[in-house]
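As a plain string of letters, each chain reads:
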Amino acid sequence: MSAPGRTLGILGGGQLAQMLALAALPLGVRCVVLEPDPQAPARLCAEHLLAPYTDPAGLERLAGCDAVTLEFENVPVEALAALEGRVPVRPGGALLARSKHRAREKEALRAAGVPTAPFVELRNEGDLAGALKAVGGRGLLKTSELGYDGKGQRRVGSEAELRAAWAELGGVPGVLEGLVPFQREVSLAVACTAAGEVAFGPLVENVHRNGILRTSVWPAAVPAGTEAEARALAGAVARSWGLEGLLTVEFFLLPGGELLANEVAPRVHNSGHLTQDGGGVSQFEAQVRAVLGLPLSDWAPLHPTAMVNVVGTPGGQDPDWAAVDALPGTRVHLYHKAARPGRKLGHVNLVAPDLETLRGRLGQLEALIP
Ligand code: AMP
């Protein structure tokens, strides 16, 4: 059942690695993180290889682990190449290549039979003409690579705005997506072992603020059948992309009930943090299990659960921590990072006996977190 004495290598040492390492320990698994930032969150709970991701000695150490996983998608291809054939890397390089490039990602989603927003790939300035019309007249320009938390994105409503936004983002390749009139945003994770076991996480409802996740709630307020559909679509991505490990799909839910995939993260996801405190297996344990081939089944909270992100504000205000602690059902998770505006510094999970109580207390909790 458990895996005494195993080691799991992680590319990246941020808060996701921190929480993966904390979930791995009780299973008998130690984590080793390769991470060039001396102040990285995972340094406190994992063996920290303080070196660039392409460092030969660091990669040698990871190659000696039982398996390697990752906590961010922009792992240099050289690092993956150095590990290939020496240690299982889960998810592998082919899946990462899709998920880290928005245009390739959308093409691969469609190839898997998963609907997306209308989009046009913009490789160079010549592709801008007519692009906005093709996606419905209003859209979001997103860089194809290195965009996250709303970075590398501009909303555009005219061709002049599109041209200005393209220049502002540096004239780099991107995609223009049609603006989706979504009713809600939801996400769902799927995990697969190398032996072919498949398991799903809960369908979580997400609200963003300034392009950054603000709250997640489980269960999601969605029509019957939405969760089954999300599972079918995430399962299709996992199968079609050859998943070993865990990935999370973000969806737009349209007013008519249709789901469009927005993004795929080849890893645990901010929207799954609430699984840490709902009483069931967490997304972090699920990723560790999937990557190491430990027994795996569907995971979800046992009680209604929500999460509020703690994000650095321009004025540097802190949450009212005493009041957060005094609110029943709260659990604080801090990442040990220096505060900067827009930076994710931690999150607070909230568990309640029923959904009505959860929604009421979530409003109170949000008022305490700037
Ligand atoms: P992303 O970085 O693609 O996850 O986008 C961040 C957030 O921007 C999403 O969670 C949505 O709230 C919003 N967004 C992104 N793409 C679209 C779109 N095509 N239409 C409407 N809203 C979008």
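Small disclaimer: the values here were computed from a predicted structure and weren't measured.

Procedures and definitions
- Residues numbered from 1 in each chain as written.
- Predicted model: local features only at pLDDT ≥ 70, side-chain atom pairs only at ≥ 80, totals over all residues.
- Heavy atoms only, no water.
- Salt bridge = Lys/Arg side-chain N within 4 Å of Asp/Glu carboxyl O.
- Helix = DSSP H or I, 4+ residues; strand = E, 2+ residues; numbered from the N terminus.
- Buried < 20%, exposed > 50% of the residue type's maximum accessible area, 1.4 Å probe, protein only.
- Pairing = 2+ DSSP bridges.
- Axes fitted to C-alpha atoms, helices over the stretch in contact; angles between N-to-C directions.
- Contact = heavy atoms within 4.5 Å.
- Near = heavy atom within 4 Å.
- Polar contact = N/O pair within 3.5 Å; in protein donor to acceptor, adjacent residues only side chain to side chain.
- Phe/Tyr/Trp six-rings, centres within 6.5 Å; stacked < 30°, edge-to-face > 60°.
- Domains from an automatic or database assignment.

Undergrad: Kindly report on the pattern of salt bridges, identifying the contributing residues and their values.
TA: Scanning the entire structure with this criterion turns up 18 salt bridges. E47 is the partner of R61 in a salt bridge, and the nearest nitrogen-oxygen pair spans 2.8 Å. Here E47 lies in strand β3 (residues 47-49) and R61 lies in helix α2 (residues 56-63), a separation of 14 residues in the sequence. For R61, a relative accessible area of 30% corresponds to the partly exposed category. For E47, a relative accessible area of 36% puts it in the partly exposed group. Where R86 meets E60, a salt bridge forms, and the shortest distance between an N and an O atom there is 2.9 Å. Pair noted here: R86 is in the loop between α3 (77-83) and α4 (93-99) and E60 is in helix α2, with a separation of 26 residues, a long-range link. Connected through salt bridges with shared partners, the residues R104, E107, E121 and R123 form a single ionic network.

Undergrad: Describe in detail the sheet that holds strand β5 (residues 119-122), supporting the description with residues and values.
TA: Strand pairing in a sheet takes place through backbone hydrogen bonds and is either antiparallel or parallel in direction. If you trace the 4 strands from one edge of the open sheet to the other, you get β5-β8-β6-β7, paired in antiparallel fashion. One side of each edge strand has no neighbouring strand; the edge strands of this open sheet are β5 and β7 (153-156). Going across the sheet, the axis of each strand differs from the next one's by a mean of 20°, ignoring polarity. The pairing of β5 with strand β8 (residues 174-178) spans 4 bridges and is classified as antiparallel. When the sheet's bridge partners are listed, E121 is paired in β8 with V175. Sheet strands in contact with helix α5 (residues 102-111) are β5, β6 (139-143), β7 and β8, and its direction is about 140° off that of β5. Strand contacts of helix α7 (residues 159-168): β5, β6, β7 and β8, with the helix running at about 170° to β7, the strand carrying the most contacts.

Undergrad: Give me the site of the ligand: which residues, what numbers.
TA: Close to the ligand lie 15 residues; K142, Q153, E177, V180 and E185 are nearest. A distance of 3.2 Å separates an oxygen atom of the ligand from a polar atom in the side chain of E250. Within the side chain of N262, one N or O atom sits 3.1 Å away from an oxygen atom of the ligand. Elements supplying a minimum of two residues to the shell around the ligand: β6, β8, β13 (245-253) and β14 (259-265).

Undergrad: Help me get a handle on the packing of aromatic side chains, residues and values and all.
TA: The tally for this structure, following the rule as stated, stands at 2 aromatic pairs. Ring geometry for Y53 against F72: centres 5.0 Å apart, planes inclined by 45°, an arrangement best described as tilted. Here Y53 is found in the loop between β3 and α2, whereas its partner F72 is found in the loop between β4 (67-70) and α3, with 19 residues between them in sequence. Between the aromatic rings of F182 and F252, the centroid separation amounts to 5.1 Å while the plane-to-plane angle is 10°, which identifies the pairing as stacked. Here F252 lies in strand β13 and F182 lies in the loop between β8 and β9 (184-192), a separation of 70 residues in the sequence.

Undergrad: Describe the domain arrangement of the protein chain, and please don't skip the residues or the numbers.
TA: When the domains of the protein chain are assigned, the result is domain 1 (7-89), domain 2 (118-178) and domain 3 (184-368). In this structure, domain 2 and domain 3 have C-alpha centres spaced 28 Å apart.

Undergrad: Provide a residue-level description of the environment of V33, including the pertinent values.
TA: Structurally, V33 is set in strand β2 (residues 29-34). Using a relative accessible area of 1% as the deciding quantity, one classes V33 as buried. Residues V33 and M19, spaced 14 residues apart in sequence, show a C-alpha to C-alpha distance of 12 Å. In contact with V33, not counting residues within four places along its chain, are I10, G12, G13, A17, A42, A46, E47, H48 and L49.

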